[in-house]
Amino acid sequence: MLRLLLSVLGLLSSALCLSSCAKRETVVDRATREGILHLSVGYEPSDLDPHTVTGLGDARIIQSLFEPLVSFEPVTLKPVPALAERWAVSPDGLTYTFHLRPDAKWSNGEPITAQDCVDSWRRILTPSLAADYAYFLYLIKGAENFHKGRAKDFSSVAAKAADATTLTVTLTNPAPYFLQILLNSPWRPVNLRAIAAAGDPYKRGQPWTKPGRLVSSGPFVLKEWTPHQHVIVEKSPTYWDRARVKLNAIHFYPIDNNDAEERAFRAGQLHATWALPLSKVRPLQNEKSPSLRIDANLETYFFRVNVRKAPLTDARIRRALSLSINRALIADKILPGGRTPAPTFVPPLLKDYTPPARKDYDLAAARQLLADAGHADGKGLPPIEILYNNSEILRLVAEAIQQMWRRDLGLDVRLVNQEYKVVFANRRAGDYQVLLSTWTADYLDATTFLDMWRSDSGNNHTGWSDPAYDALATKADATVDPVARAALLQQEETLVLDAAPIIPVYFNTHVYLLHPSVKGWQPTPMDHADYRYVWLEK
């Protein structure tokens, strides 16, 4: 009897120990069980309006809320049906006819129609919206004239709704990448009726993107947006492909500190970080961590140089700044994770295009250019400010280049750090001297990088324009032969690099942490994500 009592007490003691000593369930453990994905998006969203946002973090949320006409197969990047269940292209490559699926619905239950697409494109092309990406739609015949006010009637734009489910689009020139470009936020339809209920649909900043007001079309609907805390989206009951969607919700976090992200990941609060502290990359590589991801990315880190602000009005000074940057040192020594020096703006990874050969570091030539401009050893030059947003990587790059320009050119260089939203507003207003920026390809063609520097591009923001550059771009658009077209694009890139309103620094990779429970995660080199293919598995 005593032995039995001791045995029972031992079992009870073991059970109590196991209960108290068991690993506490983390946020990620519980969320994995409940099908809720927890992601960092790197900063507070500027908005959730597909037609006005420009940031990658904003786009990551919008991709969960708004459906494109055409999506992609994650591995091959082959176009696959989305809102359009099928499409046809004319033999000359100019006219696309999209047949929308009849079961496509807005989150309020209304059918999504071809006219909704036409109305959406009219909205982004309306000048009062001041959409930075409006020039994307210049592919459509008549769109540029309408956007620039040369045509007042939108019927002159070749985007037509033949009936509720048939949309025809005629392009200005053949564009083999047209189906790819439809993935991007500016092309995604919005519900103008819902926007009008909240304010003027042709003015930015209206409250239609708030919870309870936002009417969406994608696999998720907006449930909650608490600024500087989180954005929560939940599985949509009206989405046409809801049977494929395995996630029940996604929680997006605007964490703009890489160390805080990494700590949150280790504490089991995130399934994926936006980035990773640089000090953690090599140790995780050495230990072959299953959570470390280094994805190929068509992204360039570069400086915008405001050519309207003295002394940067002088191209010789801008070129001197560019040639005095030791890009190899930055890419190889400061930034682990496969980054490479960028002597050009377009990465050397695109089919049918080879960037021009450039010398990326020539300190003697930089000093001579400065002397030619009348400022040998930096004498007589006022202080130069580098503006950047909250980011460990941007800070380290800015500090490294500050040191190079001080030491090697004799310049007084000052750093200004601001929140992303503030930096974006100052960029649009032209209120900066030198701005550390990034650009990720929107589609697999060199024009996604080079069209930014056209005089009428909404993403230029440098004050630089050149009729010769615009003429080359227009000629390239009309050139069908890929070799001749590539030669024209190469001339474009040479021209803008010589003028130096931009200073490329390095080509990026996406380095971050991903929890092993996340399955089907296959972002593209353009950093598009299709959440239909993602699920969680313990």
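On a predicted model such as this, the values are computed, not experimentally measured, just so you know.

Engineer: Explain the nonpolar core here, please?
Structural biologist: By size, the foremost hydrophobic cluster in this structure holds 71 residues, and its most contacted members are Leu-69, Phe-98, Ile-140, Leu-167, Phe-178 and Trp-187. With residues near it in sequence (within four places) discarded, Ile-140 still touches Trp-121, Val-157, Ala-158, Ala-159, Val-169, Thr-170, Leu-171, Thr-172 and Trp-187. Counting residues in hydrophobic clusters, the runner-up holds 36 residues, among them Phe-303, Ile-317, Ala-366 and Ile-401.

Engineer: How do you make sense of the sheet that holds strand S9 (residues 230-235) when you look at a structure like this?
Structural biologist: Read across the open sheet, the four strands follow the order S1-S10-S9-S8; overall the sheet is mixed. This sheet does not close on itself; its edge strands, each paired only once, are strand S1 (36-40) and strand S8 (220-226). Across this sheet, the average inter-strand angle for adjacent strands is 20 degrees, counted without regard to direction.

Engineer: Is there a simple way to think about the sheet that holds strand S7 (residues 166-170) in this case?
Structural biologist: Two pairing modes exist for strands in a sheet, parallel and antiparallel, and in both the strands are linked by backbone hydrogen bonds. Taking strand neighbours across the sheet as the criterion, the four strands line up as S4-S5-S7-S6 in an open arrangement whose pairing is antiparallel. Because the sheet does not close on itself, it has two edges, and the strands there are strand S4 (84-89) and strand S6 (159-163). Going from strand to strand, the sheet's axes swing by 20 degrees on average, the running direction of each strand aside. Bridging between strand S5 (residues 95-100) and S7 involves five bridges; their strand directions are antiparallel. In the strand pairing of S7, Phe-98 is matched with Leu-167. Strand contacts of helix H4 (residues 114-125): S5, S6 and S7, with the helix running at about 165 degrees to S6, the strand carrying the most contacts.

Engineer: What am I meant to see in the packing of aromatic side chains here?
Structural biologist: Where two aromatic rings form a pair, the distance of their centres and the angle of their planes describe that pair. A full pass over the atoms with the stated rule returns 25 aromatic pairs. The interplanar angle of 50 degrees and the centroid separation of 6.4 Å between the aromatic rings of Phe-98 and Phe-178 together place this pair among those described as tilted. Here Phe-98, found in strand S5, pairs with Phe-178, found in helix H6 (residues 178-181); they are 80 residues apart in sequence, far enough to count as distant. Taken individually, Phe-98 and Phe-178 each receive the classification buried, so the pair is uniform in this respect. Aromatic side chains Trp-121 and Trp-187 sit 5.4 Å apart centroid to centroid with 80 degrees between the ring planes, which places their arrangement in the edge-to-face category. With Trp-121 in helix H4 and Trp-187 in the loop between H6 and helix H7 (192-198), this residue pair connects regions lying 66 residues apart in the sequence. Accessibility classification places Trp-121 together with Trp-187 in one group, the buried group. Aromatic rings pair up to connect Tyr-133, Tyr-135, Phe-136, Tyr-177, Trp-439 and Tyr-443 into one cluster. Positioned above the aromatic ring of Trp-240, the side-chain terminus of Arg-101 is 3.5 Å from the ring centre.

Engineer: So what exactly am I meant to see when it comes to the packing of helix H16 (residues 467-477) against helix H17 (residues 482-499) here?
Structural biologist: In a pair of packed helices, the angle between the axes and the distance between the axes together describe the arrangement. For the pair H16 and H17, the least separation of the axes is 9 Å and the interaxial angle reads 160 degrees. Between H16 and H17, the angle is such that the two are roughly antiparallel. The handedness of the crossing between H16 and H17 comes out as left-handed. Residues Ala-468, Tyr-469, Leu-472, Ala-473, Lys-475 and Ala-476 of H16 lie in contact with H17, whose contacting residues are Arg-485, Leu-488, Leu-489, Gln-491, Glu-492, Leu-495 and Val-496. By residue class, the composition of the contact of H16 with H17 is nine nonpolar, one polar and three charged.

Engineer: It is not clear to me how the side chain of Thr-448 should be interpreted in this structure. Could you clarify?
Structural biologist: Here Thr-448 is to be found in helix H15 (residues 447-450). Among the polar contacts listed, one links the side chain of Thr-448 to the backbone nitrogen of Asp-442, at a separation of 2.9 Å. When neighbours within four sequence positions are excluded, Thr-448 is seen to be in contact with Trp-439, Ala-441, Asp-442 and Tyr-443.

Engineer: Explain helix H14 (residues 420-429) here, please?
Structural biologist: Spacing of three or four residues puts side chains on the same side of an α-helix, whose turn is 3.6 residues. For H14, the set of buried residues is Tyr-420, Val-423, Phe-424, Asn-426 and Arg-427. Seen end-on, H14 carries its buried residues on one side only, within an arc spanning 165 degrees. Along its buried surface, H14 packs onto helix H3 (56-65), strand S11 (292-305), strand S13 (384-389), strand S14 (413-418) and strand S15 (434-440). Residue Gly-430 follows H14 closely and has a positive phi angle near 75 degrees.

Conventions used here
- Residues numbered from 1 in each chain as written.
- Predicted model: local features only at pLDDT ≥ 70, side-chain atom pairs only at ≥ 80, totals over all residues.
- Heavy atoms only, no water.
- Core = buried A, V, L, I, M, F, W, Y, C linked by side-chain atoms within 4.5 Å.
- Buried < 20%, exposed > 50% of the residue type's maximum accessible area, 1.4 Å probe, protein only.
- Contact = heavy atoms within 4.5 Å.
- Pairing = 2+ DSSP bridges.
- Helix = DSSP H or I, 4+ residues; strand = E, 2+ residues; numbered from the N terminus.
- Axes fitted to C-alpha atoms, helices over the stretch in contact; angles between N-to-C directions.
- Phe/Tyr/Trp six-rings, centres within 6.5 Å; stacked < 30°, edge-to-face > 60°.
- Lys NZ or Arg CZ within 6 Å of the ring centre and 35° of its normal.
- Parallel < 35°, antiparallel > 145°, perpendicular 65-115°, else oblique.
- Left-handed = near helix turned anticlockwise from the far one by under 90°.
- Nonpolar A, V, L, I, M, F, W, Y, C, P; charged D, E, K, R; others polar.
- Polar contact = N/O pair within 3.5 Å; in protein donor to acceptor, adjacent residues only side chain to side chain.
- Arc of directions from axis to C-beta.

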